[in-house]
Amino acid sequence: MLRYSRSCCRFRGLKKLGGQLRPLSQTALLGKPSVNTSSIRSESANGDIGFLKSSAVSITPTFGPFDNAHAAVQAGQSRDIMNLWSLLEACLHSGYMDRAFSILKSLYGLRSHRASFIDDYNKYLMKFAENLTDMKIIDRKLFQDLQNVFPEAEYNDKTLAILIHYALKLSPSRDASMEHCRTYLKMALGGYRGILSNIDVLSVQNYRSLVHDFKLIEVHDLPAEIHSLMEVNGVSHENAESTEPAVNGGNISVKAKNEEQGMTLDKEIKPLVKDASELLAVDTIGMKVVRHTLLGLSLTDQQREQINSFNFDTASNLLNFEKDKENIDFFEIFSQLKTDEEKEAFTKALDEFNQDRQHQLENRATDAAKERWRHDFEEAKARGDLSIQKKLNIKLWEWFNKMLPLVKEEVKRCAELANKSSQDPSLSPQEKKQNKARQDYGPYLTLVDPEKMCVITILELLKLNSTGGVIEGMRTARAVISVGKAIEMEFRAELLLKNESHVFKDVNKKSHEFKVLVQRARNTFRSMKIEESKILWPQEARAKIGSILISMLIHVARVRVEGVDPLTKEKIQGEAPAFSHGYQYHNGSKLGVLKIHRSLVHQLNGERLVAAVQPQLLPMLVKPRPWKSWNSGGYYYTQSTLIRSKDSPEQVAYLKAVSEAGAIDNVYGGLNVLGETPWTVNRKMFNIMSHVWNSGEPFLDIPGNQNKLVLTPQPPRDADPTVHRQWRLKNKALANEFSSNRSARCDANYKLEIARAFLGEKFYFPHNLDFRGRAYPLSPHFNHLGNDMSRGLMIFWNGKRLGPTGLKWLKVHLSNLFGFDKASLEERIAFTESHVNDVMDSAESPLNGKGWWKEAEKPWQALATCIELREALKMENPEDFISHVPVHQDGTCNGLQHYAALGGDVEGATQVNLMPSDRPQDVYSHVAKLVVARLEKVAAKGDETAAILKDKIKRKVVKQTVMTNVYGVTYIGATHQIEKQLSNVFDDHKLSYELSKYLTKHVFASVRELFEGAHLIQDWLGECAKRISKSIRLDIDEKSFKNGNKPDFMSSVIWTTPLGLPIVQPYRENGKKQVATNLQTVFISDPFAVNPINARRQKAGFPPNFIHSLDASHMLLSALKCGEHGLDFAAVHDSYWTHASDIDTMNVLLREQFIKLHEVDLIEQLKNEFDERYKNYLQILKIDKKANVAVKVVELRKELSQKLGRQFTLADEIYLEKKRRQLMESEDPAERAQGEAMTTTVSIIGEVDDIAPLEKSSDSSCIMVLAPLTLPPIPPKGDFDVKELENSKYFFS
Amino acid sequence: MSLAVKSLGELSKIKHYYGFRYLLNAAVHEQIFDKLKLATVYPEPNKLKILDLYPGPSQHSAILYNRCKPAQHVLMDARPDFVKHISQFITENSQHAQGFQLVTLDPYDWHSYTELIDRNKVMVPSHKGREAIHNEFLVVANLTGMIGEGLFMQWLACIGNCNWLQRFGRVKILVWVPESTALKLLAKPGDHLRSKCSVVTEAFTETKLVAVMKNKTETSFNSSLLEKHRPVMFESKDVWMPSGKPISLLEIDPRDHKVDLDNFDYVTKHLLILKSTPLYDALESLGHGGKEYFCSVIGDDRLLQKCPKDLTVSEFIYCTEIFDKWPFKPDIYLDFIDVFQDND
DNA sequence: CGCCGGACTAGCGATATAAGTTTTAGCTATTTG
DNA sequence: TGACTAGCTAGAGACAATATCGCTAGTCCGGCC
């Protein structure tokens, strides 16, 4: 009855208002928006692993505000939108409703954003309604806003959901409430489901009312996750008369229902849980079950005792960060379980426990840190021990307490300012300025609990000690941003938690089974919520609140210091600020630094700073949230994006488009496999490292614990300037070494401490991608991509019986770790076997024995393998050994492998083991040989340099250069690498540098000779990138021509990987700007700014990036397949890891996938994509002035110039060409004809079939013209057939 | 007999000027040397040694040589085109060029001087005390090129340290610099160009503006400066290469000073970053608790209200002395940063 | 009432900073076929 | 005449950042008609 068509509704609605009929809801009078539900989902073509579908989408995407390249109008606005969004959000949560409303108006003003404006309005409405008691006000407000203020905006299902939610909450009577709901439901755009799917608005209680009380909707209208929650109740309460219990809900066990039955609804609806932390305490029931399950397993008495005494209350038993406390060793228990059933039960119980812990981990870390400080403080106070040389934590607690009131005061002022409409004129100019600034940061500062902000600030600053090359301190810019970011993260996590508790507030989890259901619903809810939140605080806001907080800390934080009186030379005690803001110069440019006082730094050196590790970024205790969309996956409470595109919203835009089309499911799949591999800490390795660490001595790559930086004595004043310079350089070098040692040690400390916390735990690494699609674990510090030490600390949680092949592979692995990896497998096995005594010795007494393992290329991993091997060999049948150590298979010069496959280069393919062979080919030795041959040839002709060098060329000399050559190393870079090697042979520094320069040329030439095909492709890729990045795009580049004939080039190189991932090279000119903060201005780039691209980097980066995108594709495909075959899989780009026993399987799979990848001609595919994507682009060429076309162009220019009465610029030419094309696309035949008839400079050039012969490089005899963009022809492909690879066992080895 | 003085027309045939600019008008040069009254400073030409750095076309060298007839006049230049030109010039004038010689060393390289003086002993200046300007040694240089400014700043440091050529005494330097550099060096307290180098120049040298290019633009020397120095003015057409920034000639007379250079450096450098912030606040950037300390020592509130850009040299020296007495002063030798060491 | 002028300011762009110089591409003149 | 090379020069470059100043364009206010 209220379903009016749009036009008549407005009309009639208004009429009715004027008349007697007072509708219950004014909002109901609003027009019903038209719904656009067309979607373009094309069916995946057969055999497509992503590319076809994805490229189809990404070539002509329809972009939202993330795009910064597509539409010119939008270009300037996307940044505004993001800033407004974030400000709106901040104002709403800070309760600045008036300001929020004016922001809404601004958003409404942005045309390009109009369509999604209602989402912003909904957020406002939601908040607006929160503190009201009268439904009518809400309804009227909405009506008036949409009628008068935002006339072009139309409500959507979420708007209705909000109305329903509040109708249920606020209506005075059941009837009124029901009537409201009925009305709103009828206004639905596309059925009830649309409204009801807003589980972030409607609470479980709401659903129950709608279903059970009012019977307005059926259970099957609800989102699937909610069903179960309804039904449990439905059965117990309503006897299932109106609902159909069978719908979808069959998975509820009888037991669960029974358990629920005793409860009445009244009892169930408890008073609201006010905040997140209280909510957490409710969960203990489940933990009893966990304990019960665990105790039911076959355990040793000791373990039983441990579990019995273990407090499964997660809040008090998060990870173990205490040195002398031991958590239960879940890994030990798990590995000792005999039967699969027991393992399964154990796993289930542990996972459940970990679900809760993960939740805690991501949410309660700041509180935990604070509590620890307080605890230490109180303890010391109780002991009466508040000595001068205070413990760090006590100091921190004091700072915290001094800082807190300042922060609170500031928050108060911001709030006051926001509520005051007019400025107090009596204020001093300085105060006024301060208030002005408060307007900027105020909304953001009032979002997070001041206590938390203090803790975060302190922790961040301590964590940043000695970063950014500052000796004792950090860069200010980094500090303010870090603090700001941390605050933002905290806010997001809190927000999510708050929302969650709001929605689930009236759900009581009495039973264990029921809780599982709730948890599932929650997870869905979280995913939704996270996906929805695309808002990022602008860097500017981060910097501003960061600086405010930091300057407060600077103000209060003080330390005891010691100094020397310059006159009496006595030691003096004093007090000074712990932090000091100042500047340092580098190359004449100033750099803001935040210095940390030396005495504090010393104290920090001795501390274990685990608390400062962002807890949101630790390895996860549960399987990561599977990747489902560009921003949904990984951690549970922290938003992570699929691609780490710090400053490329452009790629995000493409990504969203293809993701929504479901074109990159293989990427998600591959990443999920990586994320689902469970790990645990290798306890034996941990103990050894821990021991080494505690000694404080340098060991392998762990630097020793030096406390003092000793500088060399100063030369006399009148010494030669060179002497002074040398002295300064020497000091710099010393200081750099010192500080890099310190940060290396600090890093090692992080690793060890995280490892300690995860001892005996089962954990996972959530992964995401860099912009080329390479996978990286999200958790920094401690992951399997880390250095040898990190890797040595980790083993697979799951163990697998070695079996005959496993044992062999374990031996091969050890040999590889020693760097003995270019021999045949048999020889490598023999290598290990010949060292069996060393293996035993290393494993048995790693620190006191002969220390053979330390000679390995990767000593820590070698030691881990030695230990594993010893355990195996000790057994009666070593093949029965259950192995956990990951065994690696590395591609031999993986980049070249891809190049060889692309180029079909037989010789190259052979060299990098794409061809089956009895022994692995060693490219490096081969190149070395080639180089020697060259040198000998020239030496014979009398070249002395060649003669000196020709005997000095070893494999090692060329290795790095050959390897990095693929990755586009520059001549200079390569020279440095070679110089490093040569300096071992030649003492004279200058000589060795000269020789290196000479040698580099020959190495390059040799590599080129050997990988002819590869280099042709490399050059082709480079040339394409160059042309694309110097191309002009008709639709947007018009205004970039402001500087006459020199345009700003805007087109990045964009391509689609075989898996369908769109890649946008992010190299743009850095549009860094100065941002004023409390401490100083800070130089930061705004990721949403549209900057011209950096053509040089686009060109230099493309060839290696393309190859990386291929190796990434290969890895993900292999991961996917390994996952399908039940393998535990991990990878470091071109090094694939699995259990020893599974290596053979993995090798087959990865070769299969490589073949699959290269079966299509990827280069041709790329060319086609380029041709399509850059179809209408123009390029600037220089052609011969005397050529026929050139003359014509000049004539036309002259003519047009006269008509215009001024110089005819390239911008004009582009404008004309654009017009011509528009006309030709027109519907109107007359216009089309007009277009055809038009002559532009571009059309003249376009008539020439092949422009290339006319091109000239540098001469005054040529002119600049615009021509359609053409790419060079693909270099011919060689005869190598990638299928040969199938039997090449040394491909990866 | 004297060396031939070539004209701009001839000298402009030299291919490359390497980004340097030279005044090539003999009359103006004469005017300049008149103004400098070199005869008073160097009463005994037969003991005078002149080191001419980056002489380039060497027109001024010839004129100077002709006027002073010094015992030795060494031109140091290593730029191929100039080397060629100078060698040829010397050959052409060989009979009149006693003591007029070229060394093809790079004046930028410190080693060139040890090479010239200590190793090959081509030119060995006498050591003089620091009571007066060295009266037997003169340095002439053209630093109008790219590297010029940087090199000059280092020479200033050498004056402060009494090393390099300044180890022989307070050696006068006549140096051509870009006008922008001259402006900086001569900036007085309160000038917006006041910077560390102006303070250092003022503290360690007595610097005079000898010659400037005639210039219509505003962004040039202010009238009081011109009034004070009364420099010789020359036309821009007398300068080769024709394109480039205007140039000026400075006369640098090192002072006898006893300032602790390192502390002075640190204090001026840091204070002048916040050149318009009152000392009261700016001092905090000198180190942990700088504000507290300095305020407790400096009684004069007027000084604390002043901005670094308005401070006189003696005020900077005063601050340096206080800084030096600070028990908790930061380590001034660790005042740098390794920007490439970025751990993420 | 409306209009206008002047004061004021936000915001942007330019410039200086320190003090051994960074690499590279492109341009020009020289050399050589 | 053209092509190639060497060597210069300039242009970007990571002044891989920040303080300050001056200019401009807009805003606000008060006075005047």
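Thresholds applied
Residues numbered from 1 in each chain as written. Chains lettered and ligands numbered in written order. Predicted model: local features only at pLDDT ≥ 70, side-chain atom pairs only at ≥ 80, totals over all residues. Heavy atoms only, no water. Helix = DSSP H or I, 4+ residues; strand = E, 2+ residues; numbered from the N terminus. Buried < 20%, exposed > 50% of the residue type's maximum accessible area, 1.4 Å probe, protein only. Contact = heavy atoms within 4.5 Å. Rg over C-alpha atoms; globule rule 2.2 N^0.38 Å. Areas by Shrake-Rupley, 256 points an atom, 1.4 Å probe, with all protein chains shown as cover. Lys, Arg positive; Asp, Glu negative; His and termini not counted. Charge placed at Lys NZ, Arg CZ, Asp CG, Glu CD. Buried area = accessible area lost by both parts, 1.4 Å probe. Salt bridge = Lys/Arg side-chain N within 4 Å of Asp/Glu carboxyl O. Polar contact = N/O pair within 3.5 Å; in protein donor to acceptor, adjacent residues only side chain to side chain. UniProt positions renumbered as here; feature names shortened; annotations may be inferred. Near = heavy atom within 4 Å. Nonpolar A, V, L, I, M, F, W, Y, C, P; charged D, E, K, R; others polar. Pairing = 2+ DSSP bridges. Axes fitted to C-alpha atoms, helices over the stretch in contact; angles between N-to-C directions. Parallel < 35°, antiparallel > 145°, perpendicular 65-115°, else oblique. Left-handed = near helix turned anticlockwise from the far one by under 90°. Expected span 1.5 Å × (residues − 1). Arc of directions from axis to C-beta. pLDDT = per-residue confidence, 0-100.

S.K.: Even after reading the chapter, I still don't get the overall build of chain A, so can you show me in this structure?
M.R.: A tally of helices and strands in chain A yields 50 helices and 23 strands. The burial tally for chain A puts 57% of its 1293 residues in the buried class. Within chain A, contacts between residues at least 6 apart in sequence are counted, and of these 73% link residues at least 24 apart.

S.K.: In this structure, what is going on with the overall build of chain B? I would like to understand it.
M.R.: Helix and strand counts for chain B come out as 15 helices and ten strands. The C-alpha radius of gyration of chain B comes to 22 Å, within 12% of the 20 Å expected for a compact globule of 344 residues. If one aligns the C-alpha atoms of chain B with their principal axes, the spans along those axes are about 70 × 50 × 45 Å. Long-range pairs, those at least 24 residues apart, make up 76% of the contacts in chain B with a sequence separation of at least 6. For chain B, the computed accessible surface area is about 14,300 Å², with 54% contributed by carbon and sulfur atoms. Across chain B, the centroid of the 40 positively charged side chains sits 7 Å from that of the 43 negatively charged ones.

S.K.: I'm lost on the interface of chain B and chain A in this one. Help?
M.R.: In many reports, interface size means the accessible area that the parts give up when they come together. Taken together, the contact between chain B and chain A spans 40 residues of the former and 54 residues of the latter. In this assembly, chain B packs against chain A so that about 3,700 Å² is buried in total across both faces, 59% of it on carbon and sulfur atoms. Applying the counting criterion to the chain B and chain A interface returns two salt bridges. Close ionic contact of arginine 717 of chain A with aspartate 262 of chain B constitutes a salt bridge, the shortest N to O distance being 3.2 Å. Where chain B touches chain A, the interface holds twelve residue pairs in polar contact (both at pLDDT 80 or more). Secondary-structure elements contributing two or more residues to the side of chain B that touches chain A are helix H6 (110-119), helix H7 (148-161) and helix H11 (261-271) of chain B. Per-element accounting of the side of chain B that touches chain A gives the leading share, four residues, to H11 of chain B.

S.K.: Honestly, the UniProt feature "binding site: S-adenosyl-L-methionine" (unreviewed entry) in chain B in this entry has me stumped. Any pointers?
M.R.: All names here are of chain B. Those residues carrying the UniProt feature "binding site: S-adenosyl-L-methionine" (unreviewed entry) are Leu23, Asp77, Asp106 and Asn142 in this numbering. Looking at the element boundaries, leucine 23 is found in strand E1 (residues 22-23). Once you skip the residues sitting within four places of it in the chain, leucine 23 turns out to touch Val28, His29, Ile32, Gln59, Trp176, Phe234, Asp238, Val239 and Ile247. In this structure, asparagine 142 sits in strand E5 (residues 133-142). Asparagine 142 has contacts with Phe20, Arg21, Tyr22, Leu53, Tyr54 and Trp176, leaving out every residue within four places of it along the chain. Engagement of the side chain of asparagine 142 in a polar contact is seen with the backbone oxygen of arginine 21, the distance being 2.9 Å.

S.K.: Please explain the protein's contact with DNA strand C as it appears in this structure.
M.R.: Taken together, 24 residues form the shell around DNA strand C, and within it Tyr108, Ile147, Glu149, Lys184 and Ser195 of chain B come nearest. Taken together, the sugar and phosphate atoms account for 47% of what DNA strand C places within 4 Å of the protein. Residue tyrosine 585 of chain A places a side-chain N or O atom 3.3 Å away from a sugar or linking oxygen belonging to DNA strand C. One of the side-chain nitrogen or oxygen atoms of lysine 184 of chain B is found 2.6 Å away from a phosphate oxygen of DNA strand C. Put simply, the parts of the chain that give the surface near DNA strand C at least two residues each are helix H30 (721-757) of chain A together with H7 of chain B. Looking at the surface near DNA strand C residue by residue, the classes come out as eight nonpolar, six polar and ten charged.

S.K.: What exactly am I supposed to notice about the pairing of strand E21 (residues 1135-1139) of chain A here?
M.R.: Within a regular strand, side chains alternate between the sheet's two faces. Residue and element names in this part refer to chain A. The buried fraction of E21 is high, at five of five residues. For strand E14 (residues 886-890) and E21, the ladder comprises five bridges, and the chain directions are antiparallel. What sits directly across from histidine 888, in E21, is tryptophan 1137. In this structure, strand E20 (residues 1130-1132) lies alongside E21, joined through three bridges in antiparallel fashion.

S.K.: Help me out: how do you make sense of the packing of helix H20 (residues 392-419) of chain A against helix H25 (residues 539-556) of chain A in this one?
M.R.: Each pair of packed helices can be summarised by the angle the axes make with each other and by the distance between the axes. All names here are of chain A. Where H20 contacts H25, the axes come no closer than 9 Å and their chain directions differ by 135°. Of the possible angle classes, the one that applies to H20 and H25 is oblique. Considering only the axes of H20 and H25, their crossing is right-handed. Contacts between H20 and H25 pair Trp399, Lys402, Met403, Leu406, Val407 and Glu410 from the former with Ile548, Leu549, Met552, Leu553, His555 and Val556 from the latter.

S.K.: Would you mind going over helix H47 (residues 1188-1204) of chain A with me for this structure?
M.R.: Given 3.6 residues to a turn, an α-helix orients residues that are three or four positions apart in the same direction. Residues and elements named next belong to chain A. Its 17 residues place the ends of H47 25 Å apart at the C-alpha level, agreeing with the 24 Å of an ideal helix rising 1.5 Å per residue. When H47 is considered as a whole, its buried residues turn out to be Val1189, Ala1190, Val1193, Leu1196, Arg1197, Leu1200 and Ser1201. Considered in projection along H47, the buried side chains sweep an arc of 135° and stay on one side of the axis. Turned more than 90 degrees away from the buried face of H47 sit Asn1188, Glu1195, Lys1198 and Gln1202, all of them exposed.

S.K.: Would you mind showing me how to read the pattern of salt bridges here?
M.R.: Where charged atoms from two side chains of opposite charge come close, those side chains can pair. Residues and elements named next belong to chain A. Summed over all chains, the structure comprises 70 salt bridges over all chains. Salt-bridge contacts for arginine 413 lead to glutamate 409; the nearest nitrogen and oxygen are separated by 3.1 Å. Taken together, the positions of arginine 413 and glutamate 409, both in helix H20 and four residues apart, correspond to about one turn of that helix. Assessed through its relative accessible area of 35%, glutamate 409 is described here as partly exposed. The shortest N-O distance in the salt bridge between arginine 1173 and glutamate 1169 comes to 2.9 Å. In this pair, arginine 1173 and glutamate 1169 are both assigned in helix H46 (residues 1162-1173), four residues apart and thus about one turn of the helix distant.

S.K.: Can you walk me through the protein's contact with DNA strand D in this structure?
M.R.: In the neighbourhood of DNA strand D, 24 residues make up the surrounding shell, with Tyr583, Ser589, Leu591 and Gln1080 of chain A together with Ser276 of chain B lying closest. Protein-proximal atoms of DNA strand D, defined as those within 4 Å of the protein, fall in sugar or phosphate at a share of 79%. Here a phosphate oxygen of DNA strand D sits 2.9 Å away from a polar atom, N or O, in the main chain of phenylalanine 1083 of chain A. Separating a phosphate oxygen of DNA strand D from a backbone N or O atom of tyrosine 17 of chain B is a distance of 3.5 Å. Secondary-structure elements contributing two or more residues to the surface near DNA strand D are strand E5 (589-596), strand E18 (1072-1076) and strand E19 (1081-1085) of chain A. The element that contributes the greatest number of residues to the surface near DNA strand D is E5 of chain A, accounting for four residues. When its residues are assigned to classes, the surface near DNA strand D shows nine nonpolar, eight polar and seven charged.

S.K.: Looking at this structure, how should I read the sheet that holds E14 of chain A?
M.R.: Backbone-to-backbone hydrogen bonds pair the strands of a sheet. The strands run either parallel or antiparallel. Residue and element names in this part refer to chain A. Spatial strand order, E14-E21-E20: three strands in an open sheet with antiparallel pairing. Among the strands making up the open sheet, the edge pair consists of E14 and E20. Averaged over all pairs of adjacent strands, the angle between their axes in this sheet comes to 25°, without regard to strand direction.

S.K.: I'm lost on helix H41 (residues 971-982) of chain A in this one. Help?
M.R.: Given a rise of 1.5 Å per residue, twelve residues ought to cover 16 Å, and the 16 Å separating the end C-alpha atoms of H41 of chain A matches this to within 8%. Buried within H41 of chain A are the following residues: Ala974, Thr975, Gln977, Ile978, Glu979, Gln981 and Leu982 of chain A.

S.K.: Looking at this structure, I do not really get the confidence of the model for chain A. What am I missing?
M.R.: Note: predicted coordinates in regions of low pLDDT should not be interpreted at a detailed level. Per-residue pLDDT for chain A averages 80, and the proportion of residues at 70 or more is 81%. Scored below 50 in pLDDT, residues 35-45 of chain A makes five contacts in the model with residues more than four places away or belonging to other chains.

S.K.: When you look at the environment of tryptophan 399 of chain A in this model, what are you seeing that I'm missing?
M.R.: Looking at the element boundaries, tryptophan 399 of chain A is found in helix H20. Taking the C-alpha atoms as reference points, tryptophan 399 of chain A and tyrosine 654 of chain A, separated by 255 residues in sequence, lie 47 Å from one another.

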